[in-house]
Amino acid sequence: MNHEVIDGIPVLWAPAPGPLEAELIFGCGARDETLRTLGVVHLVEHLAMSTLPRLHHDHNASVDLELTRFTCSGQPEQVVDYLGRVCAALSELPLDRIDREAGVLEAEDGRVAASQTAELLSHRYGVQGLGLAAYRGPGADRITVEAVQDTLFRYFHAGNAVLVLTGPPPAGLRLPLPAGARPDRAGTRPALLSGRSWRQEDVPGPGIALHGGLADAALMAAVAVFAQRLRDSARHDRGLTYDVGGSLDNAGAATGEHTVYLDAREGREQTVSELLWHEALRLARDGVTEAELAEEREGMREVWTDPRNTIAELGHAAARLLFGETYRDAPARLDALTAVTPDRARRAFADALRTALLVVPCGVEVSPVLPDGTPVPRHRCTHHTELPADGEVFKPPLADRLRYSAARKTRFVVNHAGVWAREPDGEIHHVPFDDIAAVEVRGPARIVYGRSTCFVPVVPDLIGDIGAATRAIDAAVPAHLVYHASALRSAD
Ligand SMILES: [Zn+2]
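Residues numbered from 1 in each chain as written. Predicted model: local features only at pLDDT ≥ 70, side-chain atom pairs only at ≥ 80, totals over all residues. Heavy atoms only, no water.

Quick question: what am I supposed to make of the overall build of the chain here?
Scanning the chain for helices and strands turns up 15 helices and 19 strands. Here the C-alpha atoms of the chain give a radius of gyration of 25 Å, agreeing with the 23 Å that 2.2 N^0.38 yields for 492 residues. By principal-axis analysis of the C-alpha atoms, the chain measures approximately 75 × 60 × 40 Å. Out of the 492 residues belonging to the chain, those deemed buried represent 51%. Restricting to contacts in the chain with at least 6 residues of sequence separation, those with at least 24 account for 73%. Surface summary for the chain: the accessible area is close to 22300 Å², and the carbon and sulfur share equals 51%. The averaged location of the 67 negative side-chain charges in the chain is 4 Å from the averaged location of its 50 positive side-chain charges. (Helix = DSSP H or I, 4+ residues; strand = E, 2+ residues; numbered from the N terminus. Rg over C-alpha atoms; globule rule 2.2 N^0.38 Å. Buried < 20%, exposed > 50% of the residue type's maximum accessible area, 1.4 Å probe, protein only. Contact = heavy atoms within 4.5 Å. Areas by Shrake-Rupley, 256 points an atom, 1.4 Å probe, with all protein chains shown as cover. Lys, Arg positive; Asp, Glu negative; His and termini not counted. Charge placed at Lys NZ, Arg CZ, Asp CG, Glu CD.)

How do you make sense of the sheet that holds strand S3 (residues 20–26) when you look at a structure like this?
Strand pairing in a sheet takes place through backbone hydrogen bonds and is either antiparallel or parallel in direction. Taken together, the six strands give an open sheet; going across it, the order is S1-S2-S6-S3-S5-S4, and neighbouring strands pair in mixed fashion. Of all strands in the sheet, those bounded by a partner on one side alone are strand S1 (2–6) and strand S4 (59–63). Sheet twist, expressed as the mean angle between neighbouring strand axes with direction ignored, is 20°. Two strands pair when backbone bridges link them, and S3 and strand S5 (residues 68–74) are joined in this way by seven bridges, in the antiparallel orientation. (Pairing = 2+ DSSP bridges. Axes fitted to C-alpha atoms, helices over the stretch in contact; angles between N-to-C directions.)

Before we go on, may I ask you to explain the pattern of salt bridges in this structure?
In the structure shown here, the tally under the stated rule is 22 salt bridges. Arg100 is the partner of Glu101 in a salt bridge, and the nearest nitrogen-oxygen pair spans 3.8 Å. The residue Arg229 makes a salt bridge to Glu292 at a minimum N-O spacing of 2.8 Å. Residue Arg229 is located in helix H6 (residues 217–237), and its partner Glu292 is located in helix H8 (residues 290–304); the two are separated by 63 residues in the primary sequence. Note on Arg229: relative accessible area 8%, which makes it buried. (Salt bridge = Lys/Arg side-chain N within 4 Å of Asp/Glu carboxyl O.)

Looking at this structure, how should I read the layout of surface pockets?
A probe as big as a water molecule, rolled over the atoms, marks out the empty space that is left. In this structure, the second largest pocket encloses a volume near 1400 Å³. Every residue lining the second largest pocket is counted, 47 residues in all, and those nearest its centre are Leu214, Met220, Leu248, His316 and Arg320. Among the elements of the structure, H6, strand S9 (244–252), strand S10 (255–262), H8, helix H9 (310–322) and helix H10 (330–338) are those that each provide at least two residues to the lining of the second largest pocket. In terms of residues, the lining of the second largest pocket owes the most to one element, S9, which gives eight residues. Considered class by class, the residues forming the lining of the second largest pocket number 25 nonpolar, eleven polar and eleven charged. (1 Å grid on protein atoms, 1.4 Å probe; cavity = no way out; pocket = protein on both sides within 12 Å on 5 of 7 lines; lining within 4 Å. Points joined across faces, edges and corners; volume = space filled by probe spheres on them. Nonpolar A, V, L, I, M, F, W, Y, C, P; charged D, E, K, R; others polar.)

In this structure, what is going on with the pairing of S3? I would like to understand it.
Looking along a regular strand, one sees the side chains alternate between the two faces of the sheet. Most of S3 sits inside the fold, with six of its seven residues counted as buried. The pairing of S3 with strand S6 (residues 161–165) spans five bridges and is classified as antiparallel. Looking at S6, one finds that Ile25 is bridged to Val162.

Would you take a moment to explain the pairing of S5 for this structure?
Within S5, six of the seven residues are buried, which leaves the element mostly enclosed by the surrounding structure. Pairing geometry for S4 and S5, over five bridges, is antiparallel. Within the sheet, the bridge partner assigned to Asn60 lies in S5 and is Thr71. Hairpin connection, S4 to S5: the antiparallel pair is bridged by four residues.

Explain the domain arrangement of the chain to me, please; I cannot follow it from the model alone.
Interface size, as often reported, equals the accessible area lost upon joining of the parts. What the domain assignment lists for the chain is domain 1 (2–114 + 126–188), domain 2 (197–361) and domain 3 (392–484). Each of domain 1 and domain 2 was reduced to a C-alpha centroid, and the two centroids are 28 Å apart. Buried area between domain 1 and domain 2, both sides added, is near 1600 Å², and the carbon and sulfur share of it is 75%. If you look at where domain 1 meets domain 2, you find zero salt bridges. Between domain 1 and domain 2 we count three residue pairs in polar contact (both at pLDDT 80 or more) in total. For the side of domain 1 that touches domain 2, the element with the highest residue contribution is S3, accounting for five residues. (Domains from an automatic or database assignment. Buried area = accessible area lost by both parts, 1.4 Å probe. Polar contact = N/O pair within 3.5 Å; in protein donor to acceptor, adjacent residues only side chain to side chain.)

Quick question: what am I supposed to make of empty space enclosed by the protein here?
Evaluation of the coordinates by the stated rule reveals two cavities of 30 Å³ or more. When its volume is computed, the largest cavity comes out at roughly 40 Å³. Forming the boundary of the largest cavity are Ala221, Leu293, Glu296, Arg297, Met300 and Leu337. Along the lines of polarity and charge, the residues of the lining of the largest cavity split into four nonpolar, no polar and two charged. There is about 30 Å³ of room inside the second largest cavity.

Got a minute to help me understand the coordination of the zinc ion in this structure?
Between any two of four tetrahedral donors, the ideal angle at the metal is 109.5 degrees; between two of six octahedral donors, it is 90 or 180 degrees. The zinc ion binds to the protein through Cys381 (SG), His429 (ND1) and Cys454 (SG); the donor distances cover 1.9 to 2.2 Å. All donors of the zinc ion come from a single chain, and their spacing in sequence reads C-x47-H-x24-C. With His429 in strand S15 (residues 428–432) and Cys454 in the loop between strand S17 (445–450) and strand S18 (455–458), the pair connects residues that are 25 residues apart, well separated along the chain. A single burial state applies to His429 and to Cys454, both of which are buried. (Donors = N, O, S within 2.8 Å, 3.2 Å for Na, K, Ca; no water.)

Which parts of the structure should I look at to understand the sheet that holds S9?
Spatially, S7-S11-S8-S10-S9 is the arrangement adopted by the five strands of the open sheet, whose pairing is mixed. With one partner strand each, in any of the chains shown, strand S7 (197–201) and S9 form the two edges of the open sheet. Put simply, the sheet's adjacent strands are angled 20° from each other on average, direction ignored. Bridge count between strand S8 (residues 207–213) and S10: seven bridges; the pairing is antiparallel. Residue Ala209 lies in a different strand from S10, and its bridge partner there is Thr259.

Structure follows, in structure tokens:
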């Protein structure tokens, strides 16, 4: 891999067959947003791309949890032209096109993770950082010009960019971006919010998240064997599942979230969820075989040493550089995998299983227990079992209370600490005023989102006369966390 610097931007390149491929990568993604500004990075990307004329060579741009990429391939002069145009656009973004691009963004499926992974990340990290993967945010038409400018200033400059190329930099290549300081991520690493638990969500099948080292070869190997066993049992043997997937997301401080998920044939969600936990326990107890490890190692060798993977490998190195992390090349990673013994893989998996978060489809009930007998509890929003005695109490409309026992048991309370709700089954939800991620305004209604993933809908249909509750919320919540529901979405 070759290193150069052009206009203050590191350039990593390695030769590969085919046309010249380029990726201009910024260390900025959805995890750098907040619930209030969710989608702003994607909007910046769209605004920049909207300035390009019609181009006939391959080009694209994307935003994931960590990175924003402007990519293209073609003749060297086409690559030079494309990268110059992208840099020029980022230096003078057409802010007058925000309204139009907001509509385009709403039409696009901008999900940054599979739904199980997204839910698991939000269960672990809350409504911040990686946890934002599960959220749609306020809608692109509710992103302010100030948020766009702030994002540009903080992230889209020469100090937070790396260019990767599958050949030497072509003659005349310039990357004219404003100078800037690399964002300091030390203070913004999301705290690890929650340990092991399970919960139900609207997902197409179960998933599991294990917290561990980002470069832990033993855990990576064990997780790969685990996913393969699920493929063998749920798909090939029993025909319950179409797809088994997984991801490893960077949580900062050299740690990562390993997720494995699978879908379930309709009506078999319970069976597939039990199977997932059964296979996890089996691996933690009985371990893996030498043959299984060798199989996974061969699979990774095949991918990592394929010349078509050159651009992805360069991108991997670029991300490590942007985040101040150690880059290990493919031979070093393969050496580390070769050193993993079945016993090390089993221990790494068993240790990580103590951090397990489990998500299952709504309606599925599980009672997972760790190998040492420790139960994995069902997630509860709060430890409170009663509503507070102080504060104003709101009940559902009288007509509902007369007709439905659920309405008779539902209560809302607003007090100095925040908003509270009691569900008919007795579960208490609570969003403290000092822990609010955002408040959505829908006419008289307020949807109050807490950073812990708990939210309380304060709406007339549920509470009846909510005027006093609305006034208390409006008085307590800072204006910059409040937005009006998007005009681009239907009120559901
Ligand atoms: Zn809750």
